[in-house]
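# Commentary on secondary and tertiary structure
Each chain, written out:
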Amino acid sequence: MLAMLSDLLWSKVLVVMLVGIGLYFTIASRFVQFRYFGRMFAVLGSALHHEKGHVSSFQALVVSVAGRVGGGNIAGVAVAITLGGPGAVFWMWVIGLMGMATSFFECSLAQLYKRYEPDGTFRGGPAYYLTRGINQRGLAVIYSLLLLITFGFGFNAVQSYVVATSLDVSFGVPTWASGLALVVFLGFVIFGGIQRIAAVSEIVVPVMAVSYFACALLVIGINIQEVPAAFATIVSSAFGLDSALGGGIGVAIMQGVKRGLFSNEAGLGSAPNVAAVAFVPHPANQGIVQAFSVFIDTIIMCSCTALIILLSDVYQPGDAGVSGVALTQSALAEHLGAWGGSFVSIALVMFAFSSIMYNYYLGENALNYFSESNRKVFAVFRVTVLGLVFWGAAQDLGTVFGFADLTMGLLGVVNLIGLLWMSKLALRLLKDYDDQLADGKTPRLNADDFADLDIDRRAWPD
């Protein structure tokens, strides 16, 4: 029953909603993700600036990359290729490019409606713009509960199991030892709040992403003559021009869309929780940065895994005997020797650990919506999360993962309803940014221009 509901949600409802809304925002914004692609790098140039109570724009980027880049990039791409053929990768690219527009708007709105907290920090995310933007506290409560269950509890235990089993299989480390090590390291990070999570992510995530990217570049360099053929295979399979390479165009599209959405999370409302606490002069600045996060995840990291697999002889069309992490490991081992498989395990561990930090913060932000800056409540939550991480390390949590998969889909539905409801305001925010750039100004939010909205003036001083 759980699997049937999850499949219905991900393969029907969410596909239509996410693709439709992504397409709408892309066209209505005059292709904002392409118009401002070059500006992503200009914005990042000033993204290291810190302000009291905020994290830097760059830190918000790496924390969200920590959440987006993970098992979906290593195992998810392999599953998509196994079930849908190489063409599934093309449709992952398409959904990623459209998702950049969705992410731009959800993160810009999260910035606009961020709130000042009694402890001097800031909070924001879909729960806040659902409440303040369209006065839908009921939707905000449902969203926060789903966020807490999905990321705060469910996925943290699942990620712990991924880390522990990977270390056990590759290096013989007992699962209890991995669980204990995770609890120690994670405890040090999360008891420091978002500032410490951001500081650790600022180091771990670039090392993690650059290492995996460098490994893929090495594989591409070794097989450089075959790279054009690999891209040709992806495109031809995407449009059903080579029936031997998968289950046909329909399966390729379905797998590409589903895995792409699951990997980059654009539209699901998770990244805006982190994007909201960055310091930027205009909300659209962080929208641009977060759109770049989707590009990193889907266009760069997923493509790395796809080329590692397709440039090897391990992948055989129609053979589902080797899939997921095992397919990626075997492909990399063929290219680089036995250490290639071990490298995948290490990368997976780093991806999973960074995802746990990200998941924890999403859960904390959801809890904060119900109990603002209550130290005792947060302390109990942190201890509970650490307990789940230790417990999850030794459990096969297939059912928990299935349940969290379903609740994450429902999370996306609630967020997308809110985004569509607020689409006129989102486009108004973009127009304000566009107009200031056209006048030769450095865009800054003037709160007086949005005096009709329930925004927190302390978050947007003159």
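Conventions used here
Residues numbered from 1 in each chain as written. Predicted model: local features only at pLDDT ≥ 70, side-chain atom pairs only at ≥ 80, totals over all residues. Heavy atoms only, no water. Helix = DSSP H or I, 4+ residues; strand = E, 2+ residues; numbered from the N terminus. Buried < 20%, exposed > 50% of the residue type's maximum accessible area, 1.4 Å probe, protein only. Contact = heavy atoms within 4.5 Å. Phe/Tyr/Trp six-rings, centres within 6.5 Å; stacked < 30°, edge-to-face > 60°. Axes fitted to C-alpha atoms, helices over the stretch in contact; angles between N-to-C directions. Parallel < 35°, antiparallel > 145°, perpendicular 65-115°, else oblique. Nonpolar A, V, L, I, M, F, W, Y, C, P; charged D, E, K, R; others polar.

On to the side chain of threonine 298, then. By the secondary structure assignment, threonine 298 is in helix 14 (residues 283-310). On the basis of relative accessible area, threonine 298 is assigned to the buried category, the value being 0%. Excluding anything up to four places from it in sequence, threonine 298 contacts Met92, Trp93, Gly96, Asn264 and Ser303.

Turning next to the packing of aromatic side chains. This structure, assessed with the given rule, holds 20 aromatic pairs. Geometrically, the ring pair formed by tyrosine 128 and tyrosine 369 is edge-to-face, given 5.7 Å between the ring centres and 85° between the ring planes. With a gap of 241 residues between them, tyrosine 128 in helix 7 (residues 126-134) and tyrosine 369 in helix 16 (residues 338-370) connect regions that are remote in the sequence. Residue tyrosine 128 is classed as buried on the basis of its relative accessible area, which comes to 6%. The exposure class of tyrosine 369 is buried, given its relative accessible area of 10%. Centroid distance tyrosine 212 to phenylalanine 351: 5.9 Å. Interplanar angle 75°. Geometry classified as edge-to-face. Here phenylalanine 351 lies in helix 16 and tyrosine 212 lies in helix 10 (residues 193-222), a separation of 139 residues in the sequence.

This part covers the packing of helix 7 against helix 8 (residues 137-171). For the pair helix 7 and helix 8, the least separation of the axes is 8 Å and the interaxial angle reads 170°. The angle between helix 7 and helix 8 places the two elements in the roughly antiparallel class. Residues Pro126, Ala127, Leu130 and Thr131 of helix 7 lie in contact with helix 8, whose contacting residues are Arg137, Leu139, Ala140, Tyr143 and Ser144. Counted by class, the contact of helix 7 with helix 8 contains 6 nonpolar, 2 polar and 1 charged residues.

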